Amino acid sequence: MMIGYARVSTQEQNLDLQKDALKEVVCEFVFVDKVSGASIKRPGLGRALRSANAGDVLVVWKLDRLGRSLFDLVNFIEDLRARDIGLKVLTGQGSMMDRTRPEGRLIFGLFAALAEYERELISERTKAGIRAARRRGVHMGRPAKLTTHQVEHARELIASEQETRAGAAALLNVDVKTLRRALKQNA
């Protein structure tokens, strides 16, 4: 069975072109969404996937109707493959991708390799950026709840036995564990 999926990004855009193309290839059902591709809530796509069974083919007008990044597309198509659901793209880049045919599977394999390469490059750049920021003394992660001055003040209160750790933490409006961690880091 051929199951069509069409999507436009805004309510003002028209689905007619995509729906006509999907009906032309004899899709038995056509599911639609009028939401941005960045949205994770695409009810039409969800209904299309729930109605698809092994051996069925999901048909889209263009590949970008399914996802915004190569990484997302590869994961999506891998999920289809795992469920033995084919994918056919009618126009644009990716129109050679008919996963029901050997050449479509070859093209998808190339896309998957490129997506993996892209992920590795992004990971390397991120790690290099973090290392460079740390060398410059940039704090990574959540901002500290306590300033150095507050930690030293708490240390003095505790050392002079004017306050317990719990009392100093309450004065600073933080949990005892937060104060204990700060005291240990600024030792």
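What counts, and where the lines are drawn
Residues numbered from 1 in each chain as written. Predicted model: local features only at pLDDT ≥ 70, side-chain atom pairs only at ≥ 80, totals over all residues. Heavy atoms only, no water. Helix = DSSP H or I, 4+ residues; strand = E, 2+ residues; numbered from the N terminus. Polar contact = N/O pair within 3.5 Å; in protein donor to acceptor, adjacent residues only side chain to side chain. Contact = heavy atoms within 4.5 Å. Axes fitted to C-alpha atoms, helices over the stretch in contact; angles between N-to-C directions. Parallel < 35°, antiparallel > 145°, perpendicular 65-115°, else oblique. Nonpolar A, V, L, I, M, F, W, Y, C, P; charged D, E, K, R; others polar. Core = buried A, V, L, I, M, F, W, Y, C linked by side-chain atoms within 4.5 Å. Buried < 20%, exposed > 50% of the residue type's maximum accessible area, 1.4 Å probe, protein only. Pairing = 2+ DSSP bridges. Salt bridge = Lys/Arg side-chain N within 4 Å of Asp/Glu carboxyl O.

(A) The arrangement of the side chain of aspartate 56 in detail. For aspartate 56, the location among the structural elements is in the loop between α2 (43-51) and β3 (57-60). Here methionine 1 takes part through its backbone nitrogen, which lies 3.2 Å from a polar atom of the side chain of aspartate 56. Within the local environment of aspartate 56, its side chain forms a polar contact with the backbone nitrogen of asparagine 53, the two atoms lying 2.8 Å apart. Beyond its immediate chain neighbours, meaning those up to four positions away, aspartate 56 contacts Met1, Ile3, Ser51, Asp84, Ile85 and Gly86.

(B) How the structure looks around the packing of helix α5 (residues 148-159) against helix α7 (residues 176-185). Packing of α5 against α7 leaves a shortest axis separation of 10 Å and a crossing angle of 100°. Judged on the interaxial angle alone, α7 and α5 are roughly perpendicular. Every residue of α7 that contacts α5 at Val151, Ala154, Arg155 and Ile158 is listed here: Leu179, Ala182 and Leu183. Looking at side-chain class alone, the contact of α5 with α7 contains six nonpolar, no polar and one charged residues.

(C) Layout of the nonpolar core. If you look at the biggest cluster of nonpolar residues, it comprises 21 residues, and the most contacted ones within it are Tyr5, Leu58, Leu63, Leu66, Phe76, Leu80 and Leu87. Grouped together as the second largest cluster of nonpolar side chains are 10 residues, Leu146, Ala154, Ala169 and Leu172 included.

(D) Inspection of the sheet that holds β3 at higher detail. Strand order in the open sheet formed by four strands is β2-β1-β3-β4, and the pairing between neighbours is parallel. The open sheet is flanked by β2 (29-34) and β4 (86-89), the only strands paired with a single partner. In this sheet, neighbouring strand axes are inclined to one another by 25° on average, regardless of whether the strands run parallel or antiparallel. In this sheet, β4 lies alongside β3 in parallel orientation, the contact comprising four bridges. By the bridge assignment for β4, valine 59 is matched with lysine 88. Contacts from helix α1 (residues 16-24) reach β1 (2-8), β2 and β3 within the one sheet, and its direction differs from that of β1 by about 170°. Strands in contact with α2 are β1, β2 and β3; relative to β2, the strand with the most contacts, it is inclined by about 155°.

(E) Here's a closer look at the pattern of salt bridges. Applying the stated criterion across every chain, the model contains two salt bridges. Of the charged contacts, one joins glutamate 78 and arginine 81 as a salt bridge, the two residues approaching to 2.9 Å between their closest N and O atoms. In this pair, glutamate 78 and arginine 81 are both assigned in helix α3 (residues 70-82), three residues apart and thus about one turn of the helix distant. On the basis of relative accessible area, glutamate 78 is assigned to the partly exposed category, the value being 28%. Residue class for arginine 81 comes out partly exposed when judged on its relative accessible area of 44%. One salt bridge connects arginine 155 with glutamate 152, and the closest N-O pair in it is separated by 3.6 Å. Of this pair, arginine 155 and glutamate 152 both sit in helix α5, three residues apart, roughly one helical turn.

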